[in-house]
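# Coordinate analysis (summary)
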Amino acid sequence: MTRAQLIIRLIKPALFLILLVPLALLVEQGFSDNLGANPVETITHQTGLWALRLLLLTLAITPLCKLTGVNELVRLRRMLGVYSFFYALLHFMTYAVLDHSFDVAAILLDVAKRPYVTVGFSVFLMLIPLAMTSTNGMIKRLGGKRWKRLHKLVYLCGLGGVIHYLWLVKADTFSPLNYLALFLLLMLFRLPARTQEKIKHLFRLTLPGRRSDTILKE
Ligand code: HEM
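Residues numbered from 1 in each chain as written. Predicted model: local features only at pLDDT ≥ 70, side-chain atom pairs only at ≥ 80, totals over all residues. Heavy atoms only, no water.

## Considerations on the overall build of the protein
A tally of regular secondary structure across the protein gives twelve helices and zero strands. Starting at the N terminus, the α and β elements of the protein follow one another as α-α-α-α-α-α-α-α-α-α-α-α. In terms of its C-alpha atoms, the protein occupies a principal-axis envelope of roughly 65 × 45 × 35 Å. Relative to its full complement of 218 residues, the protein shows a buried share of 32%. Just so you have it, the protein exposes about 13,900 Å², and 68% of that area is on carbon and sulfur atoms. For the protein, the distance from the average position of its 26 positive side-chain charges to the average position of its 11 negative side-chain charges is 18 Å. (Helix = DSSP H or I, 4+ residues; strand = E, 2+ residues; numbered from the N terminus. Buried < 20%, exposed > 50% of the residue type's maximum accessible area, 1.4 Å probe, protein only. Areas by Shrake-Rupley, 256 points an atom, 1.4 Å probe, with all protein chains shown as cover. Lys, Arg positive; Asp, Glu negative; His and termini not counted. Charge placed at Lys NZ, Arg CZ, Asp CG, Glu CD.)

## Considerations on the UniProt feature "transmembrane region" (unreviewed entry) in the protein
This chain's UniProt record puts "transmembrane region" (unreviewed entry) on residues 48–68, 80–98, 118–138, 150–168 and 174–193. Taken end to end, residues 48–68 is 100% helix and 0% strand, and its first and last C-alpha atoms sit 29 Å apart. Structurally, residues 80–98 is divided into 100% helix and 0% strand, and its ends, taken at the C-alpha atoms, are 26 Å apart. (UniProt positions renumbered as here; feature names shortened; annotations may be inferred.)

## Side note on unusual backbone geometry
For Asp33, which is not glycine, the phi torsion reads 60° and is therefore positive. Among the structural elements, Asp33 can be located in the loop between helix 2 (21–31) and helix 3 (39–68). Looking at Asp33, the relative accessible area reads 71%, which means it is exposed.

## Describing the side chain of Asp110
Its place among the elements puts Asp110 in helix 5 (residues 104–113). Assessed through its relative accessible area of 8%, Asp110 is described here as buried.

## Focus on the coordination of the iron atom of the ligand
Each protein donor to the iron atom of the ligand is listed here as His91 (NE2) and His164 (NE2); together their distances run 2.0 to 2.1 Å. Considering all six donor atoms around the iron atom of the ligand, angles at the metal cover 86 to 179° and the coordination shape is octahedral. You can see His91 sitting in helix 4 (residues 77–99) and its partner His164 sitting in helix 9 (residues 153–168), a full 73 residues away along the chain. By relative accessible area, His164 is classed as buried at 16%. (Donors = N, O, S within 2.8 Å, 3.2 Å for Na, K, Ca; no water. Tetrahedral: all angles 85-135°; square planar, octahedral: opposite > 155°, others 65-115°.)

## Points about the confidence of the model for the protein
Scored by pLDDT, the protein comes out at a mean of 94, with 95% of its residues at no less than 70. Scored below 50 in pLDDT, residues 211–218 makes eight contacts in the model with residues more than four places away or belonging to other chains. (pLDDT = per-residue confidence, 0-100. Contact = heavy atoms within 4.5 Å.)

## What to know about the site of the ligand
Around the ligand sit 19 residues in total, of which His45, His91, Phe92, Phe121 and His164 are the nearest. With respect to the ligand, the side chain of His45 contributes an N or O atom lying 2.7 Å from an oxygen atom. (Near = heavy atom within 4 Å. Polar contact = N/O pair within 3.5 Å; in protein donor to acceptor, adjacent residues only side chain to side chain.)

## As for the packing of aromatic side chains
Counted according to the given criterion, the structure contains nine aromatic pairs. Here the aromatic rings of Phe92 and Phe124 are separated by 4.8 Å at their centres, their planes lie at 25°, and the arrangement is stacked. Of this pair, Phe92 sits in helix 4 while Phe124 sits in helix 6 (residues 115–132), and the two are 32 residues apart along the sequence. Given a relative accessible area of 17%, Phe92 falls into the buried group. (Phe/Tyr/Trp six-rings, centres within 6.5 Å; stacked < 30°, edge-to-face > 60°.)

## Overview of helix 3
In this model, helix 3 (30 residues) spans 41 Å end to end at C-alpha, consistent with the 44 Å of a helix rising 1.5 Å per residue. A bend of about 35° at Ile61 is the largest found in helix 3, and the proline Pro63 appears one to four places after it. Gly69 sits one or two positions beyond helix 3 and adopts a positive phi of about 80°. (Expected span 1.5 Å × (residues − 1). Bend = angle between axes of the 7 residues up to and from the residue.)

## Observations regarding the nonpolar core
In terms of nonpolar packing, the biggest core is built from 44 residues, with Leu59, Tyr95, Leu127, Cys157 and Tyr179 touching the most fellow members. Of all the secondary-structure elements, those providing two or more residues to this core are helix 1 (3–18), helix 3, helix 4, helix 5, helix 6, helix 9 and helix 10 (174–188). Ranked by residue count, the leading element in this core is helix 3, at ten residues. Here Tyr179 is in contact with Leu49, Leu52, Arg53, Leu56, Val162 and Tyr165, once residues within four sequence places are set aside. (Core = buried A, V, L, I, M, F, W, Y, C linked by side-chain atoms within 4.5 Å.)

Below, the structure written as structure tokens:
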């Protein structure tokens, strides 16, 4: 079996099932009355976190391909992105249906009033065209160039997702800051190769115990 076949036939279906586990756990905890004192809050938090995690994992695929040399990993990217949208949709539905009883006026007012909700809502709106154009047919219809340009929105979604999380957390910013650091790290890989080299060089110069002259000889 080739590496591509292994990924398509084995890893992809396995990952598809694994990514349903967070939802299955929420359903199971719901039925067994184990969602804590505020079930809606628990569901909002879990679905939001999974939407963000999967968005960052989607962004991690290109760097992972570069670092490991396993370019076939790219075949998992689309599914990860669609799953991120799926959890964002569940997150939004929890907020809209369970929290706001689908009161459109109240939702729009909240989106306008609370900046972190404005950011979350904007990210959700941007994820919609990305998910809708993820099929082979849509890629063909749009043409590779336009499709690629549209899908650059995913970087804005990543940034927005992290800002949304950072903004809503009141006291302990440790977790959202970790997500921000991961997002920035992933963005470093998108910089042009020359800029990446300059950053690597600067980083080496600041490492303790390394003298710049030995580094320059390397
Ligand atoms: C449809 C638009 C969205 C709305 C209305 C919304 C709203 C909310 C609300 C009300 C919370 C809970 C705040 C609290 O407990 O104080 C929350 C948490 C969160 N949301 Fe969103 N959100 C949206 C979109 C998104 C998207 C697209 C992402 C990720 C890409 C996301 C990621 C998160 C994360 C990570 C949390 C925090 C979870 C935690 O505290 O453990 N949200 N969101």
